[in-house]
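For reference, the chains in residue letters:
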Amino acid sequence: MDIKAFMQCKKPRRSGRLEGKEKAETKSKELRQNPLGYFDMLPIELKFHVLHFLNVEELSVLTITSKSMRNLIEGYRVLTPAMQEILAKIHTQSACLPVPVKKQSDVIRTFQQMGLLMKRSTCLYSTRDRLKFVTEVLTKIMCSNSDKCENLAGCIALNCFGKFLHTVIAGWDDSECLRVFDAVCHHTAILKNVKIIVNSKPGKHTQMEFQIRAFFRRVFVDHCHTVQDRAFWLSRILKQWPMVHQARLLYVLYGPAVEGEVLWYDVCESSPYNSEQSAAHFNELANALQVLHCYPQEWSEDDIISVLDELTSLPDEWLAENIAHLLILCGDNITSRLLVSKAINGRIRELASITTSFCVVCVKSSFSLSYAMTVVQIIVDTLENPKDRQSYFNNVVEMFKELILDTHEFSDPDDTHENEMFFLVTAMSEFTKKVIHVAYKPLLS
Ligand SMILES: [Zn+2]
């Protein structure tokens with residue numbers, strides 16, 4: 001029988017000490033099994049306060065330690081004002097650029113780390129959900145959404161977003177990247193603006209053109225590490241439009257520009273004086289064409305030639321010298337393709353004009369004329385009919401004559417045209433020497 005039946009007034013003796021010990025043991029066992037350990041004892045405000053002392057990179061490393069930690073940091077990332085502050089500050093920071101370039105790259109690195117944080121903390125989410133997070137950041141960072149952004153041309157906000165985006169999507173396959181492109185374009189409605197500018201006169205919407213240039217380059221193309229990557233994103237930007245619009249868009253992206261404005265009519269009115277000026281004007285365009293040329297999956301030789309053909313008649317026919325400048329920068333592969341295509345189609349006058357321009361550009365840039373002679377050789381080899389060859393050479397000489405007479409007629413004694421005349425005459429005489437050398441080679445050596 002229980003003793004309590006005899007001594008009802010007495011409670012059984014029980015030690016609080018043992019009970020406490022037992023409780024503490026259970027608690028510590030629980031804590032040890034909890035994924036966040038002792039950290040879990042803190043209330044959420046304190047947890048966030050502790051996280052506040054970590055930088056973005058440290059946070060991103062923490063996200064891959066456990067699921068609970070990832071959830072915690074995900075919550076911190078969404079709720080904490082610190083991230084919003086970085087986003088808000090970026091436009092004003094840009095206003096004081098150029099700070100030392102090192103500082104600029106510090107800002108961009110912060111976004112790279114934020115990208116890493118986003119990539120790691122959302123790694124279990126679907127692509128659609130991840131894209132939602134990405135576009136949310138874009139909304140906050142867009143220059144047009146910030147009243148603090150005063151100078152689009154010098155603002156690095158989009159560069160920062162580009163770095164962020166490319167960090168998040170590193171390693172994604174092409175079909176996912178296509179979804180990224182569609183999502184970002186859809187979110188910003190940028191394609192509506194592209195449609196407006198490709199359908200109106202070049203230079204009509206100066207600001208919109210530059211916005212498009214800045215957006216596509218800074219967000220998609222500038223942060224690519226490989227030629228293949230660049231070609232992929234450039235193809236996404238261009239391929240959805242008809243050929244004539246692709247050329248227009250390519251010029252908007254990489255044509256000569258100054259102080260936030262794409263220069264359209266310069267290519268039809270004047271040409272660079274030396275190779276530095278030429279590089280400053282045409283290097284980016286030539287480079288973009290080379291990149292596309294290295295991407296045969298989506299760009300056939302014919303595509304490249306067609307784009308080049310359209311490009312050099314924008315907004316009107318380019319000066320022949322500028323075409324030569326661009327071709328020299330594009331390199332031998334693209335140049336010989338273009339020449340062969342023109343020769344096959346019997347466009348002899350255009351070929352003659354390209355030849356004379358090559359000679360003039362070589363003289364002006366102090367290059368050897370043998371480069372121009374390679375051009376001549378390709379053309380002569382491709383033209384099958386001796387009559388066509390004859391006509392080609394006659395056209396070249398006639399073209400020189402026309403150019404010289406024109407320059408003589410329109411020259412102004414106070415102007416710098418005298419130089420122009422000197423270059424033309426030198427080009428013609430050098431060309432003649434070279435041709436004579438080739439023609440009489442057996443007798444001259
Ligand atoms: Zn801005």
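Quick notes on the rules
- Sequence order as written defines the numbering, with residues in each chain counted from 1.
- In keeping with the predicted nature of the model, local features appear solely for residues at pLDDT of at least 70, side-chain atom pairs appear and are counted solely at 80 or more, and the whole-chain, interface and lining totals rest on all residues.
- To qualify as a helix, a DSSP run of H or I must reach at least 4 residues; to qualify as a strand, a run of E must reach at least 2; elements of each kind are numbered from the N terminus.
- What the globule rule says is 2.2 Å times the number of residues to the power 0.38, and the radius of gyration is computed from C-alpha atoms.
- Whether a residue is buried, exposed or partly exposed follows from its count of other C-beta atoms within 10 Å of its own C-beta, namely 20 or more, 12 or fewer, or something in between, respectively; the C-beta atoms are built from the backbone.
- Here contacts are defined at the residue level, using C-beta atoms placed from the backbone and a cut-off of 7 Å between them.
- Expected helix span is computed as 1.5 Å times (number of residues minus one).
- Whenever a helix is involved, its axis is fitted only over the stretch in contact; in every case the axis is a line through C-alpha atoms, and angles between N-to-C directions fall within 0 to 180 degrees.
- Here is the rule for angles: anything less than 35 degrees is roughly parallel, anything more than 145 is roughly antiparallel, 65 through 115 is roughly perpendicular, and the remaining ranges are oblique.
- Should the near helix be turned anticlockwise from the far one by less than a right angle, the crossing is left-handed, and should it be turned clockwise, the crossing is right-handed.
- Note on residue classes: Ala, Val, Leu, Ile, Met, Phe, Trp, Tyr, Cys and Pro are nonpolar, Asp, Glu, Lys and Arg are charged, and everything else, Gly too, is polar.
- Joined through C-beta atoms within 7 Å, a set of buried Ala, Val, Leu, Ile, Met, Phe, Trp, Tyr and Cys residues constitutes a nonpolar core.
- UniProt positions are given in the numbering used here, feature names are shortened, and annotations may be inferred rather than shown by experiment.

- An unreviewed UniProt entry annotates the protein chain as F-box only protein 47 of Mizuhopecten yessoensis.

## Examining the overall build of the protein chain
Right, so step 1: Regarding its fold elements, the protein chain presents 23 helices and two strands.
Right, so step 2: Relative to a compact globule of 445 residues, whose C-alpha radius of gyration would be 22 Å, the protein chain shows 33 Å and is clearly more extended.
Right, so step 3: If you line up the protein chain on its principal axes, its C-alpha atoms span 140 × 45 × 40 Å.
Right, so step 4: With 445 residues in all, the protein chain has 32% of them scored as buried.
Right, so step 5: Excluding contacts between residues fewer than 6 apart, the proportion of contacts in the protein chain whose partners are at least 24 apart in sequence is 71%.

## Regarding the environment of threonine 206
Right, so step 1: Mapped onto the secondary structure, threonine 206 falls in helix α11 (residues 206-221).
Right, so step 2: Looking at threonine 206, the number of C-beta atoms within 10 Å reads 14, which means it is partly exposed.
Right, so step 3: Remark: the alpha-carbon pair of threonine 206 and glutamate 420, spanning 214 residues in sequence, is separated by 32 Å.

## A short note on α11
Each α-helix turn comprises 3.6 residues. Residues three or four places apart therefore point the same way.
Right, so step 1: For α11, with 16 residues, the first-to-last C-alpha span of 21 Å sits near the 22 Å given by 1.5 Å per residue.
Right, so step 2: Every buried residue of α11 is listed here: Glu209, Gln211, Ile212, Arg213, Ala214, Phe215, Phe216, Arg217, Val219, Phe220 and Val221.

## Comments concerning the packing of helix α10 (residues 190-198) against α11
Right, so step 1: Interhelical geometry of α10 versus α11 gives an angle of 130° and a closest axis separation of 10 Å. On the basis of the axis angle, α10 is oblique to α11. Taken as a pair, α10 and α11 cross one another with a handedness that is left-handed. Residues Ile190, Asn193, Val194, Ile196 and Ile197 of α10 form the contact with α11, whose own contacting residues are Met208, Glu209, Gln211, Ile212 and Phe215.
Right, so step 2: Classifying every residue of the contact of α10 with α11 gives seven nonpolar, two polar and one charged.

## Quick look at the nonpolar core
Right, so step 1: Ala157, Cys160, Phe161, Leu234, Leu250, Ala288 and Leu289 are the most contacted members of the largest nonpolar core, which has 103 residues in total.
Right, so step 2: With ten residues, the top contributor of residues to this core is helix α19 (residues 348-364).
Right, so step 3: Beyond its immediate chain neighbours, meaning those up to four positions away, leucine 289 contacts Ile304, Leu308, Cys330 and Ile334.

## Brief notes about helix α21 (residues 386-410)
Right, so step 1: If you check α21, its first and last C-alpha atoms are 36 Å apart, about what 25 residues at 1.5 Å a residue would give, namely 36 Å.
Right, so step 2: Those residues of α21 that fall on the buried side of the exposure criterion are Val396, Met399, Phe400 and Leu403.

## Topic: the environment of alanine 372
Right, so step 1: Its place among the elements puts alanine 372 in helix α20 (residues 370-382).
Right, so step 2: Alanine 372 gets classed as buried once you count the C-beta atoms within 10 Å, which come to 26.
Right, so step 3: Separated by 14 residues in sequence, alanine 372 and phenylalanine 358 have C-alpha atoms that sit 5.5 Å apart.
Right, so step 4: Excluding residues that lie within four positions of it along the chain, alanine 372 makes contacts with Thr355, Phe358, Cys359, Cys362 and Phe431.

## Some thoughts on the UniProt feature "domain: F-box" (unreviewed entry) in the protein chain
Right, so step 1: The feature "domain: F-box" (unreviewed entry), as annotated in UniProt, sits at residues 40-75 in this numbering.
Right, so step 2: Between the end C-alpha atoms of residues 40-75 the distance is 15 Å, and the span holds 67% helix and 0% strand.

## What to know about the packing of α19 against α20
Right, so step 1: Put simply, α19 and α20 touch, their axes get as near as 8 Å, and they point 165° apart. The angle between the axes of α19 and α20 places the two elements in the roughly antiparallel class. Read as a crossing pair, α19 and α20 show a hand that is left-handed. The segment α19 lies against α20, with Leu351, Thr355, Phe358, Cys359 and Cys362 engaging Tyr371, Ala372, Val375, Val376 and Ile379.
Right, so step 2: For the contact of α19 with α20, the residue count by class is nine nonpolar, one polar and no charged.

## Comments concerning unusual backbone geometry
Right, so step 1: A cis amide bond links leucine 314 to the next residue, proline 315, at an omega of -10°.
Right, so step 2: Mapping proline 315 onto the fold places it in the loop between α16 (301-311) and α17 (320-330).
Right, so step 3: With phi around 55°, alanine 189 is a residue other than glycine that occupies positive phi space.
Right, so step 4: Structurally, alanine 189 can be placed in the loop between α9 (174-188) and α10.
Right, so step 5: Exposure remark for alanine 189: the 9 C-beta atoms within 10 Å place this residue in the exposed category.

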